[in-house]
Amino acid sequence: MIGGSNDAALTSWCESAQGSDFPIQNLPLGIFSVGERRRRAGIAIGNYVLDLTGIADLLDEDWREDLSQPVLNGWLSRGPHAQSALRRRLQELLSDGNYRDEVEAQLVGQSEVRLHVPCLIGDYTDFYVGIHHATNVGKQFRPDNPLLPNYKYVPIGYHGRASSVRASGEPVIRPRGQRKAPDADAPEYGPTRRLDYELELGMWIGQGNELGSPIPIAEAADHIGGYCLLNDWSARDIQAWEYQPLGPFLAKNFLTSVSSWIVSAEALAPFRKPMPPRPHGDPEPLMYLNDAKDRESGALGIQLEVTLTTEKMRSDGRAPHVLTRGSADAAMYWSAAQIVAHHSSNGCNLQPGDLIGTGTLSTESATGLGSLLEISLGGKQPVGLPGGETRSFLEDGDEVTLKAWCETEGAARIGFGECVGRVVASA
Ligand code: CA
């Protein structure tokens, strides 16, 4: 793409930026700390974090208060124009050699920082827009009728729990709960035997809406402050026993991991695609979910990958095993804008810093399945790992890494970084 903030020809004097997840065309925002120092806002550039507090006098005076907070809610609430202006200013500072000395002094190595959840999350909602995931899971319960009749009309979601959303790297303590084997008369309480990951994208809400005022579909994309990776850790045995009639509860809310960098909609612009055509015979979306521009460019061309290492693989020095390789655009039946429009369509107020998960993103292909529940067919077909181990579900010591990146001709490749979690035994 020529010109504008996504110009592929633009380069930074920060040499590690070129070819990394974080070139000058990405510039995701995050919250970091070094040692015991207070949390502050930064952006990722190459192998570094640029401390925005440290370069405050090079930024618009009006931005300083929001960018000096330990969370980004205030900044994101300013909406896309402010984000775009900051992005352009940072591109200037990181490409123009005249600023190099002053800006370079505020770069911190990414290996030296701790990254945090970037917002104070008021509410977390998880959707279920991955149609192949919904079909695969539905088949395990209802082989002839995997999708329920509402699926193609309503973007399905449930309210999750904000307090247990943590940044990448947080240990996954194997949850305990009620599990009931299909042939048992009664449940028992103990550590889950069917711990799983779910490959998802997260959306951070920027500008909110007033209670009672739905966000029109045409404006919905502008309410998304940015995107991250999200792992909705799930205990399948607890889930199977507890989910009826009100849906997921303790099977999901023991931990949700997010990647810490907020990748902006503007950085993702070159990678947008038309929504995949709805299969023949599917209903048209109802008017409040139907928008021509969203149909043309509402899909996210984001490549997704999940890898696994076990304790044994790490001690044998083996490379991570790829469990999943897929893409968001091939997985999502409903777009990000449709999710936001639907969530507010009853007047529910979204607030800056709210987190919304897409739901598990599986592609149609067997190599693009976003959970072990699907890969192992509910535990019936364990996955073989290098070194001879097998897995139906996660065992203690297993480490799951989600990655995402975007690439297309004429644009600079950008990445999301990682969302990692290692399973530890129940306390
Ligand atoms: Ca989920």
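Everything here concerns the structure above.
A quick note: this is a predicted structure, and the numbers were derived from the prediction, not measured. Sequence order sets the numbering: in each chain, residues are counted from 1 along the sequence as written. The predicted origin of the model limits local features to residues at a pLDDT of at least 70 and limits the giving and counting of side-chain atom pairs to 80 or more, whereas totals for whole chains, interfaces and linings rest on all residues. For the side-chain quantities, the full set of heavy atoms in the structure was used; hydrogens and water were omitted.

*Asks:* Help me understand the pattern of salt bridges, please; the structure alone is not making it clear to me.
*Replies:* Side chains that carry opposite charge are capable of pairing whenever their charged atoms lie near each other. Between Lys or Arg on one side and Asp or Glu on the other, a salt bridge is scored when a side-chain nitrogen of the former is within 4 Å of a carboxyl oxygen of the latter. Taken as a whole and judged by the stated rule, the model has 26 salt bridges. Arginine 236 serves as the salt-bridge partner of aspartate 196, at 2.9 Å between the closest nitrogen and oxygen. Here aspartate 196, found in strand 12 (residues 195-196), pairs with arginine 236, found in helix 7 (residues 236-242); they are 40 residues apart in sequence, far enough to count as distant. Neither aspartate 196 nor arginine 236 differs from the other in exposure class; each is buried. Secondary structure elements are taken from DSSP: a helix is a run of H or I of four residues or more, a strand is a run of E of two residues or more, and numbering for both begins at the N terminus. Partly exposed residues are those whose accessible area sits between 20% and 50% of the maximum for their type, while under 20% is buried and over 50% is exposed, using a 1.4 Å probe and protein chains only.

*Asks:* Teacher, can you tell me more about the environment of phenylalanine 254 here?
*Replies:* As for its placement among the helices and strands, phenylalanine 254 is situated in the loop between helix 7 and strand 16 (256-258). Sequence spacing of phenylalanine 254 and arginine 161 is 93 residues, and the spatial spacing of their C-alpha atoms is 8.8 Å. Contacts were defined at the residue level, with two residues in contact if any of their heavy atoms lie within 4.5 Å. Ignoring any residue separated from it by four or fewer positions in sequence, one finds phenylalanine 254 in contact with Ser164, Val172, Ile173, Pro175, Leu195, Trp233, Ser234 and Ala235.

*Asks:* Would you mind going over the nonpolar core with me for this structure?
*Replies:* Nonpolar side chains tend toward joint burial in soluble globular proteins. In terms of nonpolar packing, the biggest core is built from 64 residues, with Leu201, Leu229, Ile302, Leu304 and Phe416 touching the most fellow members. In contact with isoleucine 302, not counting residues within four places along its chain, are Leu201, Leu268, Gly326, Ser327, Ala328, Asp329, Ala404, Trp405, Cys406 and Phe416. The set of buried Ala, Val, Leu, Ile, Met, Phe, Trp, Tyr and Cys residues whose side-chain atoms join them within 4.5 Å is what this entry labels a nonpolar core.

*Asks:* Can you walk me through the packing of aromatic side chains in this structure?
*Replies:* For any two aromatic rings, the description comes down to two numbers: the centre-to-centre distance and the angle of the planes. Here a pair means two rings of Phe, Tyr or Trp (six-membered ring of Trp) with centres within 6.5 Å. Their orientation is stacked below 30 degrees between planes, edge-to-face above 60, and tilted elsewhere. Per the stated rule, a full pass over the model turns up 5 aromatic pairs. Judged by centre distance (5.8 Å) and plane angle (75 degrees), the rings of tryptophan 63 and tryptophan 75 are edge-to-face. Here tryptophan 63, found in the loop between strand 3 (48-51) and helix 1 (64-67), pairs with tryptophan 75, found in helix 2 (residues 73-76); they are 12 residues apart in sequence, far enough to count as distant. The exposure class assigned to tryptophan 75 is buried, which follows from its relative accessible area of 0%. On the numbers, 5.4 Å between centres and 85 degrees between planes, the contact of tyrosine 333 with tryptophan 334 is edge-to-face.

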